[in-house]
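# What the coordinates show
Read off the chains here:
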Amino acid sequence: MKSRLTQAWMALALGAVVALGGAAPAQAQAPWEAPAAEKAKKNPSPSDAKTVEQGKKVAQINCASCHGAMGKGDGVASAGLSPKPADWTSKKVQAESDGEIFWKISTGRGAMPSWKHLPEAERWALVRYIRSLAGK
């Protein structure tokens, strides 16, 4: 009787851990790559301080909670996310084309929402801001 009761409690405890996400392994996501036509898109926004500042404002309002104040992927909301938000200062992100970054912002995936509801000019300005973070 004791062993059946112990087994039942262990099963119940294991079920609770799995339900809370503690024992389930994080599922690996396939690489997130934009279609070739999207990667090839050129940023139509000017590469100037005004556009970068506009992009920074968009980031502060919409992105900082996950990507952090400096775009390092360390925002307050990032603690509970898997995979973690992209570090915009990283070589990986900086190596992506403007079109690919724009497509990812627009499309979203998993915990990263689609930002298509933002005006296109704001999304392109955000790409300019992300570019300004290279090496920071």
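Our subject is the structure listed above.
## A closer look at the overall build of the protein chain
A count of helices and strands for the protein chain gives seven helices and zero strands. For the protein chain, the α and β elements follow one another from N to C terminus as α-α-α-α-α-α-α. Going through the 136 residues of the protein chain one by one, you find that 31% of them count as buried. The long-range share in the protein chain, meaning contacts at least 24 apart out of those at least 6 apart in sequence, stands at 60%. Taken as a whole, the protein chain presents about 8800 Å² of accessible surface, with 63% of it coming from carbon and sulfur.

## Quick look at the layout of surface pockets
Estimated volume of the largest pocket: approximately 680 Å³. Looking at the lining of the largest pocket, the elements with two or more residues in it are helix H4 (64-67), helix H5 (91-95), helix H6 (98-107) and helix H7 (120-132). By residue number, the principal contributor to the lining of the largest pocket is H6, which donates three residues. Per-class residue counts for the lining of the largest pocket are 18 nonpolar, five polar and six charged.

## A word on the packing of aromatic side chains
Ring pairs (aromatic) are described by centroid distance and by the angle formed between their planes. What the rule picks out here adds up to three aromatic pairs. With a centroid separation of 6.4 Å and 90° between ring planes, the pair formed by Trp88 and Tyr129 is classed as edge-to-face. Of this pair, Trp88 sits in the loop between H4 and H5 while Tyr129 sits in helix H7, and the two are 41 residues apart along the sequence. As far as burial versus exposure is concerned, Trp88 and Tyr129 are alike and both buried. Ring centres 4.0 Å apart and planes at 5° place the aromatic pair Phe102 and Trp124 in the stacked group. Placement of the pair is Phe102 in helix H6 and Trp124 in helix H7, with a sequence separation of 22 residues. Taking relative accessible area as the criterion, Trp124 reaches 4% and is therefore assigned buried.

The rules behind each value
By convention here, each chain's residues receive numbers from 1 onward along its written sequence. Residue-level local features of this predicted model are given only where pLDDT is at least 70; pairs of side-chain atoms are given and counted only at 80 or more, and the full residue set underlies all totals for whole chains, interfaces and linings. Excluding hydrogens and water, the side-chain values take into account all heavy atoms of the structure. To qualify as a helix, a DSSP run of H or I must reach at least 4 residues; to qualify as a strand, a run of E must reach at least 2; elements of each kind are numbered from the N terminus. Burial classification: accessible surface area is computed with a 1.4 Å probe over protein chains only, and a residue below 20% of its type maximum counts as buried, one above 50% as exposed, and the rest as partly exposed. Any two residues whose heavy atoms approach within 4.5 Å at even a single point are treated as in contact. Using a 1.4 Å probe, accessible areas were evaluated by the Shrake-Rupley method; residue-level cover was limited to the displayed protein chains. Here a cavity is any set of points on a 1 Å grid over the protein atoms alone where a 1.4 Å probe fits but cannot get out, and a pocket is any open set with protein on both sides within 12 Å along at least 5 of 7 lines; a residue lines the site when it has an atom within 4 Å of a point. Grid points are joined across faces, edges and corners, and a volume is the space filled by probe spheres set on the points. All amino acids are sorted into three groups, where Ala, Val, Leu, Ile, Met, Phe, Trp, Tyr, Cys and Pro are nonpolar, Asp, Glu, Lys and Arg are charged, and the leftover types, Gly among them, are polar. For Phe, Tyr and Trp, rings pair up if their centres lie within 6.5 Å, where Trp contributes its six-membered ring, and each pair is then called stacked (planes under 30 degrees apart), edge-to-face (over 60) or tilted (otherwise).

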